[in-house]
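Chain by chain, the residues run as shown.
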Amino acid sequence: MDPESINAIAINDQRKKIEDLGRDSLQFSLLIKPVSADCNLHCTYCFYLEKSSLYPAYKTHRMSETVLEKIISSYIHTGQSVYSFIWQGGEPTLMGLEFFQKVTDLQMKHGGPGVRVANGLQTNGTLIHNAFAEHLARYKFLVGCSLDGPADIHDRYRRTNGDKPSHAAVLKGINALKRRQVEFNILVLVSQANVHRAQDVYRYLVDQGFHYHQYIPCVEFDEKGRPQPFSITGPEWGDFMCQIFDLWYPRDIYKVSVRYFDSILQKLLYGTANVCTLENNCCQYFVVEYNGDIYPCDFFVKEKLKLGNILEDSWKLLLNSPIYRKFGIQKSQWNSACDMCDYFNLCHGDCLKYRIYGDYTSRNLSWLCVGRQQFLEYTREKFQTLTENTRTQQCQDRLAEGQQKVKTHSKGVSVGRNQPCPCGSGKKFKKCCGR
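Residues numbered from 1 in each chain as written. Predicted model: local features only at pLDDT ≥ 70, side-chain atom pairs only at ≥ 80, totals over all residues. Heavy atoms only, no water.

*Asks:* Tell me what's going on with the packing of aromatic side chains, and back it up with residues and numbers.
*Replies:* Summed over all chains, the structure comprises 40 aromatic pairs. Centroid distance Y75 to Y83: 5.4 Å. Interplanar angle 90°. Geometry classified as edge-to-face. In this pair, the class of Y75 matches that of Y83, namely buried. Ring centres of F245 and Y249 lie 5.4 Å apart, and the angle between their planes is 15°; this geometry places the pair in the stacked category. Accessibility expressed as a relative area gives 0% for F245, which makes it buried. (Phe/Tyr/Trp six-rings, centres within 6.5 Å; stacked < 30°, edge-to-face > 60°. Buried < 20%, exposed > 50% of the residue type's maximum accessible area, 1.4 Å probe, protein only.)

What follows is the structure, encoded as structure tokens:
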């Protein structure tokens, strides 16, 4: 498998056309934590920092080459249509460039002809340098870089271990990505630092030339199920996303990609989900910790939900784990009020992270329910217009493609009106491109 066979085509890639790639019960991706919760930043709102308590025997956590090769070699033999590796943390770039060179070497070693591999990297960006960016570009990694807005917003919660601001270092890393033309999205965590400044955040990103946005609600609870002070409420989330939508529609719909909007549009167009939150089951991927331990979701990396270890257990065994299946089915155990909601198809009760709090049951209404309903009601007619316009454009594109095929295939050949159309539609020529 040559370098050009490794490409980011399936990991939250908003640059590809919205399409139904299909999924069966054996399709899953990997979210890999090569440094566990270790990070060079100490963000106030980070939910994963506390996971270091799962592995107290070591001060630092680094994935061994043995574990890495086992992950890659075993996964590439599971019969996926695309082998999706998402490298996350903590801060995965603490592993250094050499680790990611080993990643792609092993993917090429174990991947055969026709094997499609997608690599995604989620990073704070502060450790990205030119050589690192060059490797990411060569192997077509899709990078998600955390940036919460302009410096005064970003630096409120995203600070170094020495309590210093990180905004300038993030921009330096992003500039390295841009110089090497690495595909990247901006990940904005919407917290109390920016939830009331939607316009400032959106305009800042666009003015910087960042046109691929993911807005992620910051919702964390303490051990008693009470929201942390940096968390946002449902109404705040709804207001924020309505403002983002107004800034985006209609002026920026062909210029700026907002992942949540893309996901809604795909669901309306095809009835398929490109994010796990819009599915009706949470068995979508596995989290792989630095030592090979496997969990069902990075929001639920807990000792009681440990499924096994890749050095000892097969993916088939892990897929059929009673713990994994029981966890996944909770998504469909929603609050009874969801049954009568007009927007249930665009939510499916929401992510378990926002439902399992307080009394720790999936039957809770999502913490963000009010805000999601507010946003979907506010944008309903405009999304309908977008859906209709997209269908019309797709039809026009297919017609143009068909006509081009006719020109190509019928040069020097007479096509009868009652003969099959050369475009391949299956219709008679007179009913298709010969009209």
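*Asks:* How would you sum up the side chain of D155? Please name residues and give values.
*Replies:* You can see D155 is positioned in helix α4 (residues 151-157). No salt bridge forms around the buried D155; measuring N to O, its nearest opposite-charge neighbour R159 is 5.4 Å away. Among all residues touching D155, those that are not within four sequence positions of it are P165, S166 and H167. (Helix = DSSP H or I, 4+ residues; strand = E, 2+ residues; numbered from the N terminus. Lys, Arg positive; Asp, Glu negative; His and termini not counted. Salt bridge = Lys/Arg side-chain N within 4 Å of Asp/Glu carboxyl O. Contact = heavy atoms within 4.5 Å.)

*Asks:* Tell me about the pairing of strand β1 (residues 29-32), residues and numbers included.
*Replies:* Side chains S29 and L31 of β1 all project onto a buried face; the interleaved residues L30 and I32 project onto the opposite face, where all are buried too. Note that β1 and strand β8 (residues 285-288) share four bridges and pair parallel. Of the residues in β8, the one forming a bridge with L31 is V287. Pairing geometry for β1 and strand β2 (residues 83-87), over three bridges, is parallel. When the bridges of β2 are listed, I32 appears paired with W87. (Pairing = 2+ DSSP bridges.)

*Asks:* Help me get a handle on the packing of helix α3 (residues 130-138) against helix α5 (residues 167-179), residues and values and all.
*Replies:* For the pair α3 and α5, the least separation of the axes is 8 Å and the interaxial angle reads 45°. Between α3 and α5, the interaxial angle falls into the category oblique. Between α3 and α5 the crossing geometry is right-handed. Contacts from N130, A133 and L136 in α3 reach A176, L177 and R179 in α5. Of the residues belonging to the contact of α3 with α5, the class tally is four nonpolar, one polar and one charged. (Axes fitted to C-alpha atoms, helices over the stretch in contact; angles between N-to-C directions. Parallel < 35°, antiparallel > 145°, perpendicular 65-115°, else oblique. Left-handed = near helix turned anticlockwise from the far one by under 90°. Nonpolar A, V, L, I, M, F, W, Y, C, P; charged D, E, K, R; others polar.)

*Asks:* Please set out the layout of surface pockets residue by residue, giving values where relevant.
*Replies:* A volume near 540 Å³ is recorded for the second largest pocket. If you go around the second largest pocket, you meet 23 residues; those closest to its centre are E50, E220, F221, D222 and K353. A breakdown of the residues in the lining of the second largest pocket according to their chemical character gives 13 nonpolar, three polar and seven charged. (1 Å grid on protein atoms, 1.4 Å probe; cavity = no way out; pocket = protein on both sides within 12 Å on 5 of 7 lines; lining within 4 Å. Points joined across faces, edges and corners; volume = space filled by probe spheres on them.)

*Asks:* Can you lay out the pairing of strand β3 (residues 117-123) for me, pointing to particular residues and giving the numbers?
*Replies:* Counting buried residues along β3, six of its seven residues qualify, which places the element largely inside the surrounding structure. Between the parallel elements β2 and β3, the chain passes through helix α2 (residues 97-110) in a crossover that is right-handed. Pairing of β3 with strand β4 (residues 142-146) involves four bridges; the strand directions are parallel. Opposite T123, over in β4, you have C145 as the bridge partner. (Right-handed = clockwise from strand over helix to strand, strands pointing away.)

*Asks:* Would you mind going over helix α1 (residues 65-75) in detail, with residue names and values included?
*Replies:* V67, L68, I71, I72, S73, S74 and Y75 are the residues of α1 that are buried. Those residues of α1 that are buried lie in contact with β1, β2, α2, β8 and α9 (315-319).

*Asks:* Lay out the packing of α2 against α3 in plain terms, naming residues and giving numbers.
*Replies:* Across the interface, α2 lies against α3 with an axial gap of 10 Å and an inter-helix angle of 15°. By the criterion of interaxial angle, the relationship of α2 to α3 is roughly parallel. Seen along the crossing, α2 lies across α3 with a hand that is left-handed. Across the interface between the two elements, L97, F100, Q101 and T104 of α2 pack against A131, F132 and H135 of α3. A class-by-class count of the residues in the contact of α2 with α3 yields four nonpolar, three polar and no charged.

*Asks:* Lay out the pattern of salt bridges in plain terms, naming residues and giving numbers.
*Replies:* All chains considered together, the criterion is met by 15 salt bridges. Here the residues in one salt-bridge network are D152, R197 and D200, joined through shared partners.

*Asks:* Summarise the state of the cysteines; cite the residues concerned and give the values.
*Replies:* Across all of its chains, the model carries zero disulfides by this definition. With no disulfide partner, C351 has as its closest neighbouring cysteine sulfur the one in C297, 6.0 Å distant. (Disulfide = S-S within 2.5 Å.)

*Asks:* Can you explain the side chain of S362? Please cite residues and give values.
*Replies:* With respect to the secondary-structure elements, S362 resides in the loop between α10 (322-329) and α11 (369-409). Accessibility expressed as a relative area gives 5% for S362, which makes it buried. Here the side chain of S362 touches Q333 through a polar contact of 3.1 Å, landing on its backbone oxygen. (Polar contact = N/O pair within 3.5 Å; in protein donor to acceptor, adjacent residues only side chain to side chain.)

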